[in-house]
Amino acid sequence: LLLLLLPAMDLMGATSESIHLPNNVMLFSLAYGLFALCFVFPPKAFAGLGLTVETMLGDALGNENQHFVHYNMRRSTATLAAHASLLLIYCTLATLYQPLHWAMRIALLLGGSASLCMYALAYYWAHGGWHRHPIARALALHQQGTWQRVARAIEVEFLQPDKLMTRLGHNTVVVTESWVLQTTPYGMNIAHQQDIDMSIVGTQQVVGSDGPEKIQILNILVTSVRNNAIYRPFVIRLKSVHFNELQTKLNSLVRNAQQVIIHQSLSDLFLDQFMNILRENAPYWAPMENRDVCLGCMTHTVNVKIKKHCNDVPSDEKKCTDCFCRPMWCTHCMGKWFINSQAGAPASQWMAGKSQCPTCRATFCLYDLCLVDFGDA
């Protein structure tokens, strides 16, 4: 605001001691103010040029995948320090255009003080192994040992492929087997799944960046179920198309007391009909020794088998064939595989489409899929 205020003061005319910024200083101030705004709230084009803290300090911040908690400690600290330095950098560069006047001296004093305070705070947080950082203190509140132990547990779960990770704006929501996390530019919200109550508190309709279609954004309040809450309530924001996936990752249901109508994606709507058809098809019996983990997600138990039951139409170019593979996939992965096989076809024709077995490439349709019943004959 100060960057934009200085030239505005000259345009309005200062009272007793006018600033009278030259035109080149005014242009520089407006340009730098726009740059600072984009640097603090980077749009996609700005981030694509690598003008973000994460990109410019990538090597110093480390690897987020391997050290998720420690990476976000360093990232949030570096972001605060970089943003606090913007005014000081402006005042330093502005002195190249004209001598310091009283307003610039005040801005330089404020910018220098903010930068020094933030640098001192960053050193205070980092000194001694980051145990003074707000994220470390938040982790220490969870009674599972030291904050390093809790951080390691989060980082191990973050490496698992079945986590939910979605970014909206400048915040990223991560849901693992035991944790609900939200990273923000200056910190991170942390909640354990055994100690959360989640409820939808509102929605927004925004225009997507990929087209004119509007996207529904859900605001979900995360609160502690304990009387002595160890963390403050926080709100996570995510697209409605990710809501079903979020629900599958949670140990408890997300309350919808306001009866908000949640818009689903075409894939979610198809998967609902996909499951309805599978429930109507004849089941397939398999011995318990064939019960294994799905090859696709490596998380869910296999529960679907391809077995020809349909009656081929003579005009079909691709006729369904028998599949002799043992059950190796779950319904969720098989549904996604079927959707990907319909690439290029309109959604109205997906139900009548065909796919191929991921293993042996046998052709099948939806009526050839059977839910697996494990047990004694």
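Treat the numbers as computed from the prediction; the structure is a model and nothing was measured.

Attention now goes to the pairing of strand E1 (residues 164-168). Side chains Leu164, Thr166 and Leu168 of E1 all project onto a buried face; the interleaved residues Met165 and Arg167 project onto a face where none is buried. Summarising the sheet, E1 and strand E2 (residues 171-175) pair through 5 bridges and their orientation is antiparallel. What sits directly across from Arg167, in E2, is Thr172. Counting the residues between successive antiparallel strands, the hairpin from E1 to E2 contains 2 residues, one of them, Gly169, with a positive phi of roughly 65°.

Looking now at a nonpolar patch on the surface. On the surface, Ile89, Leu93, Leu96 and Tyr97 cluster together to form a nonpolar patch covering roughly 390 Å² of accessible area. Tracing the backbone through its elements, the reader meets Tyr97 in the loop between helix H7 (86-94) and helix H8 (102-126).

We now examine the side chain of Arg75. Along the chain, Arg75 turns up in helix H6 (residues 68-84). Notably, Arg75 is buried but unbridged: the nearest opposite-charge side chain belongs to Glu54, and the N-O separation is 4.3 Å. Side chain to side chain, Arg75 and Asn72 meet in a polar contact 3.0 Å long.

Two numbers describe how H7 lies on H8: the axes approach to 8 Å, and their chain directions differ by 140°. The orientation of H7 relative to H8 falls into the category oblique. The two elements H7 and H8 meet at a crossing, and its hand is left-handed. Two secondary-structure elements touch here, H7 through Leu87, Leu88, Tyr90, Cys91 and Ala94 and H8 through Met104, Ala107, Leu108, Leu110, Gly111, Gly112 and Ser115. The residue inventory of the contact of H7 with H8, partitioned by class, reads 9 nonpolar, 3 polar and no charged.

Bringing the environment of Thr183 into the picture now. Its place among the elements puts Thr183 in strand E3 (residues 179-184). Residue class for Thr183 comes out buried when judged on its relative accessible area of 7%. Distance in space between the C-alpha atoms of Thr183 and Thr172 is 5.2 Å, their sequence separation being 11 residues. Non-local contacts of Thr183, meaning those with residues more than four positions away in its chain, are made with Phe68, Asn72, Arg75, His170, Asn171, Thr172 and Met188.

Relative to the elements of secondary structure, Thr92 occurs in helix H7. Judged by its relative accessible area of 44%, Thr92 is partly exposed. Linking Thr92 and Met104, residues 12 residues apart in sequence, is a C-alpha distance of 9.7 Å.

Let us now look at the sheet that holds strand E6 (residues 214-223). Strands in a sheet are paired, the pairing made by backbone hydrogen bonds, and the direction either parallel or antiparallel. A sheet is described by the order of its strands in space; here 3 strands give the open sequence E5-E6-E7, paired in antiparallel fashion. At either margin of the open sheet sits one strand with a lone partner, and together these are strand E5 (197-207) and strand E7 (234-239). Neighbour to neighbour, the strand axes of the sheet diverge by 25° on average, direction disregarded. With 6 bridges connecting them, E6 and E7 associate as antiparallel partners. Considered in E7, the bridge of Ile217 is made with Lys239.

In terms of burial, strand E4 (residues 187-192) is largely enclosed, as 5 of its 6 residues are buried. The loop that links E3 with its antiparallel partner E4 comprises 2 residues.

Right, let's get into helix H12 (residues 266-280). The terminal C-alpha atoms of H12 lie 22 Å apart, and with 15 residues this matches the ideal 21 Å at 1.5 Å per residue to within 8%. Every buried residue of H12 is accounted for by Asp268, Phe270, Leu271, Phe274, Ile277 and Leu278. Where the residues of H12 are buried, they touch helix H11 (243-249), strand E9 (304-306), helix H13 (331-341) and strand E12 (369-374).

If you walk through the whole model with that rule in mind, you get 0 disulfides. For Cys333, which is in no disulfide, the shortest distance to another cysteine sulfur is to Cys330 and amounts to 3.5 Å.

Further remarks concern the sheet that holds strand E8 (residues 284-286). Ordered in space as E8-E12-E9, the 3 strands form an open sheet in which the pairing is mixed. Each edge of the open sheet is held by one strand with a lone partner, namely E8 and E9. Taken over all neighbouring pairs, the strand axes of this sheet differ in orientation by 45° on average, direction set aside. Bridge count between E8 and E12: 3 bridges; the pairing is parallel.

Per-residue confidence for the protein averages 84 on the pLDDT scale, and 88% of its residues sit at or above 70. The model gives residues 7-20 a pLDDT under 50, and that stretch makes 20 contacts with residues more than four places away or in other chains.

A few words now on the packing of aromatic side chains. Summed over all chains, the structure comprises 12 aromatic pairs. An angle of 55° between the planes, with centres 6.2 Å apart, marks the rings of Tyr231 and Phe234 as tilted. One exposure class covers both Tyr231 and Phe234, and it is buried. Connected via pairs of aromatic rings, a cluster forms that spans Phe28, Tyr32, Phe35, Phe39, Phe46 and Tyr90. A cation over a ring is seen here: Lys163 above Phe158, with NZ or CZ 4.7 Å from the ring centre.

About the criteria used
- Residues numbered from 1 in each chain as written.
- Predicted model: local features only at pLDDT ≥ 70, side-chain atom pairs only at ≥ 80, totals over all residues.
- Heavy atoms only, no water.
- Buried < 20%, exposed > 50% of the residue type's maximum accessible area, 1.4 Å probe, protein only.
- Helix = DSSP H or I, 4+ residues; strand = E, 2+ residues; numbered from the N terminus.
- Pairing = 2+ DSSP bridges.
- Patch = residues over 30% accessible without salt bridge, like charges linked within 9 Å, V, L, I, M, F, W, Y side chains within 5 Å.
- Areas by Shrake-Rupley, 256 points an atom, 1.4 Å probe, with all protein chains shown as cover.
- Salt bridge = Lys/Arg side-chain N within 4 Å of Asp/Glu carboxyl O.
- Lys, Arg positive; Asp, Glu negative; His and termini not counted.
- Polar contact = N/O pair within 3.5 Å; in protein donor to acceptor, adjacent residues only side chain to side chain.
- Axes fitted to C-alpha atoms, helices over the stretch in contact; angles between N-to-C directions.
- Parallel < 35°, antiparallel > 145°, perpendicular 65-115°, else oblique.
- Left-handed = near helix turned anticlockwise from the far one by under 90°.
- Contact = heavy atoms within 4.5 Å.
- Nonpolar A, V, L, I, M, F, W, Y, C, P; charged D, E, K, R; others polar.
- Expected span 1.5 Å × (residues − 1).
- Disulfide = S-S within 2.5 Å.
- pLDDT = per-residue confidence, 0-100.
- Phe/Tyr/Trp six-rings, centres within 6.5 Å; stacked < 30°, edge-to-face > 60°.
- Lys NZ or Arg CZ within 6 Å of the ring centre and 35° of its normal.

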